[in-house]
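Chain by chain, the residues:
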Amino acid sequence: MKATALSVSWTSSNVTIVLTFILSFLQLAYLLTETEAVEKSTQTSIREKSCTKRCQRFMKSQSNTVTLFLLLLCCWGIGYALFGEAVGVKSQMFALVVLFITAKIAGYLTSLVKLPPMVGMLLMGVLLRNIGFLEIEGDYRKFTTVLRQLALVNIMLPAGIGLDASALKKMIWTILNLAVVPVAAEVIGIAVAAHFLLGFPWLWGVLVGLLLAAVSPAVIIPCLFELQDMGYGVNKSIHTLVIAASTINDIICIALFGIVVGLIFSTGSLTMQILQGPIVIGMGFSYGIAWGIVCQYLPILHEPYLVTLRTLLLGLGCVVAALGSDALGYGGAGPLGCIIAAFVASLGWRRQGWGTSNPVRMNFALLWKFFEPISFGLIGMEVNLKILDATTVGWSTIVMVFPLLLRMLVSFLSTYWSNFNLKEDIFIATCWIPKATVQAALGPVALDKARELDDDVLIEYASIVVIVAVLSIIITSPIGAVLIMQLGPRFLHRTVPENTNL
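Computed from a predicted structure; not experimentally measured.

*Asks:* Looking at this structure, how should I read the overall build of the protein?
*Replies:* The helix and strand tally for the protein stands at 20 helices and zero strands. When each of the 502 residues of the protein is scored for burial, the buried share is 52%.

*Asks:* Whenever I open this one, the confidence of the model for the protein confuses me. Can you help?
*Replies:* The predicted structure's coordinates, where accompanied by low pLDDT, should not be read in detail. Mean pLDDT over the protein: 81, with 84% of residues reaching 70 or higher. The low-confidence segment residues 21–26 (pLDDT under 50) makes seven contacts with residues lying over four places distant or belonging to another chain. pLDDT under 50 marks residues 28–51. Its contacts with residues more than four places away, or in other chains, come to 27 contacts.

*Asks:* Help me understand the packing of aromatic side chains, please; the structure alone is not making it clear to me.
*Replies:* The description of an aromatic ring pair uses the distance of the two centres, along with the angle that the planes make with each other. Taken as a whole and judged by the stated rule, the model has eleven aromatic pairs. Here W204 and F265 contribute two aromatic rings whose centre-to-centre distance is 5.9 Å and whose plane-to-plane angle is 80 degrees, an arrangement assigned as edge-to-face. With W204 in helix α9 (residues 202–213) and F265 in helix α11 (residues 238–265), this pair connects stretches of sequence that are 61 residues apart. Of the residues examined, W204 reaches a relative accessible area of 4% and is grouped as buried. A centroid spacing of 5.5 Å and a plane angle of 65 degrees characterise the contact between W349 and W354, whose relative ring orientation is edge-to-face. Taken together, the ring pairs connect F200, W204, F265 and Y461 into an aromatic cluster.

*Asks:* Help me understand the state of the cysteines in this model?
*Replies:* Working definition of a disulfide: a covalent bond connecting the sulfur atoms of two cysteines. By the definition in use, this model includes zero disulfides. Distance from the sulfur of C318, which forms no disulfide, to the nearest cysteine sulfur (C338) is 4.0 Å. Look at C318 and you get buried, because its relative accessible area is 0%.

*Asks:* Just to check I follow, could you spell out the side chain of R148 for this structure?
*Replies:* As for its placement among the helices and strands, R148 is situated in helix α7 (residues 139–161). The class of R148 is buried, set by a relative accessible area of 18%.

*Asks:* What's the story with helix α13 (residues 306–328) in this structure? I'm lost.
*Replies:* Counting along an α-helix, one turn takes 3.6 residues, and residues three or four places apart therefore face a common direction. Between its terminal C-alpha atoms α13 stretches 33 Å, which fits the 33 Å expected from 23 residues at 1.5 Å a residue. Where α13 ends, the next residue or the one after it, G329, has phi of about 90 degrees, a positive value.

*Asks:* Just to check I follow, could you spell out the environment of A441 for this structure?
*Replies:* Looking at where A441 falls in the secondary structure, it is placed in helix α18 (residues 437–442). Along the chain, A441 and R148 lie 293 residues apart, while their C-alpha atoms are 9.5 Å from each other.

*Asks:* Would you explain a negative patch on the surface in this entry?
*Replies:* On the surface, a cluster of negative charge is contributed by D454, D455, D456 and E460. Inspection of the secondary structure assignment puts D456 in helix α20 (residues 456–491).

*Asks:* What is the right way to look at the pattern of salt bridges in this model?
*Replies:* Oppositely charged side chains can form a pair if their charged atoms are brought close together. With the rule as written, the count across this model stands at four salt bridges. Among the salt bridges present, the one from D229 reaches R361, with a minimum N-O distance of 3.5 Å. Within this pair, whereas D229 is found in helix α10 (residues 217–229), its partner R361 is found in helix α15 (residues 359–381), the two being separated by 132 residues in sequence. On the accessibility criterion, R361 (9% relative accessible area) is buried. Taking the shortest distance from any N to any O, the salt bridge between K236 and E424 comes out at 2.9 Å. With K236 in the loop between α10 and α11 and E424 in helix α17 (residues 422–430), this residue pair connects regions lying 188 residues apart in the sequence. Classification of E424 by relative accessible area gives buried; the value is 2%. Beyond isolated ion pairs, a larger network of salt bridges with shared partners links E186, R407 and K435.

What counts, and where the lines are drawn
Each residue is numbered by its place in its chain's sequence as written, counting from 1. Under the rules for a predicted model, residues below a pLDDT of 70 receive no local features and side-chain atom pairs below 80 are neither given nor counted, while totals for whole chains, interfaces and linings still include all residues. Computation of side-chain values: all heavy atoms of the structure, hydrogens and water removed. Segments assigned H or I by DSSP are reported as helices when at least four residues long, segments assigned E as strands when at least two residues long, and all are numbered from the N terminus. Residue exposure (1.4 Å probe, protein chains only): buried if accessible area is under 20% of the type maximum, exposed if over 50%, otherwise partly exposed. One confidence number per residue, pLDDT, is output by the predictor and ranges from 0 to 100. The contact criterion used throughout is that any non-hydrogen atoms of two residues lie within 4.5 Å. Each Phe, Tyr or Trp ring, with Trp reduced to its six-membered ring, pairs with another whose centre is within 6.5 Å; inter-plane angles below 30 degrees give stacked pairs, above 60 give edge-to-face pairs, and intermediate values give tilted ones. Cysteine sulfur atoms are paired as a disulfide whenever they come within 2.5 Å of each other. For a helix, the expected span equals 1.5 Å multiplied by the number of residues minus one. Patch membership is restricted to residues that have no salt bridge and whose relative accessible area is over 30%. Joining uses 9 Å for like charges and 5 Å for the nonpolar side chains Val, Leu, Ile, Met, Phe, Trp and Tyr. Note that accessible areas follow from Shrake-Rupley with a 1.4 Å probe, and for residues the cover is restricted to the protein chains shown. When a carboxyl oxygen of Asp or Glu is within 4 Å of a side-chain nitrogen of Lys or Arg, the pair counts as a salt bridge. None of His or the chain ends enter the tally, which takes Lys and Arg as positive and Asp and Glu as negative. Charged groups are reduced to one reference atom each: NZ for lysine, CZ for arginine, CG for aspartic acid, CD for glutamic acid.

Structure follows, in structure tokens:
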């Protein structure tokens, strides 16, 4: 009876806020225990000797994952005890829990056939959405948006920590070249194709081009991390090149996308729309540098729980950046601030004695085991197959694929005369294939504004934009992830990590 009374008096918004807090607390507590477990590795090895070999293999490969998801189930149990049917088995919250767990299982099964786990997670999200099991509405849509932002923060932080400062200095012009020239080729190609094949006005063609030219950090960065941890491409800092170029690429595309939306729908001051990009870059760099310097010196070096406190300080500060910039209307500043803060902090930590084996980066890698199915399951959930029709799908696929091939060719030519060999040039060009995160977030923007104006012509154009965004996620995410993971070991030089016995 008490649970029922509480579920009536609490709104769904309150429920999601409380559950988010509980979930975050348990995640951070687990990071603390994980750090302590590393420090007590001798005791752990003694306990493992009492297990069978099969149990030992399971503990090494899946114990952290199982523990994180048991924590997730505990969160749901606490929520059910507090709020009753508001988070019961028929609620959207329970459906999200099922999505995350089944996505993780699908990822594991996909890895058994030598495909990236994210492919299975993505397809599970698509499946549950289109069989009618999961339909996010109301306050829960805001909740899932926050979860995606937290996942993006979790991606950006280890990316910033892993950036090589000396490589950035050497490759700065190559990075800027890859972030601008191939992107421009893809945008122009899409605009021309959309104008002649889909009948779009030129401005709408540019809008679609900017939407599709943004690459997915949620796909690219985890793949590059896995290759980096195995030693592939480390000798020429290819991961630094691709991560830096893709970050700048996305900032440019998102900023220009907002300007074009403003021009099409005449929303807001044109001057402010044009200034959006420089403001985003300025905010991201300013906050990132400031917070990174703070994390260099706090807590002090000899603090007993140094690793855990640094993880919490850097992580929560970047969550504030991501959510705060979005609330202010400058959403691109948050992810940029995250990667800059992590990079600046890591520079100071290296001077203090931390080398390539950064324990804070390892903590975020652990947390990614939890956020990976959340990120890709939610991206897959955005794919609504019901809106697709054969004719539009055919032309939209052409509009998407051929300009992407043009971009890959321009990217190949951009790095051809650099210090990369032929295979490395091909691999770098392949890294621009995956589209997911930005397309899922920005795809419906034009449709929402067209519906506000109740203009049938604009609604028709905007609906096709959504279809193109959906197709880009379905086609490029799995193909891009598979190609990156398959070509990396074949095309990149391997530097055997120091901590391996291979």
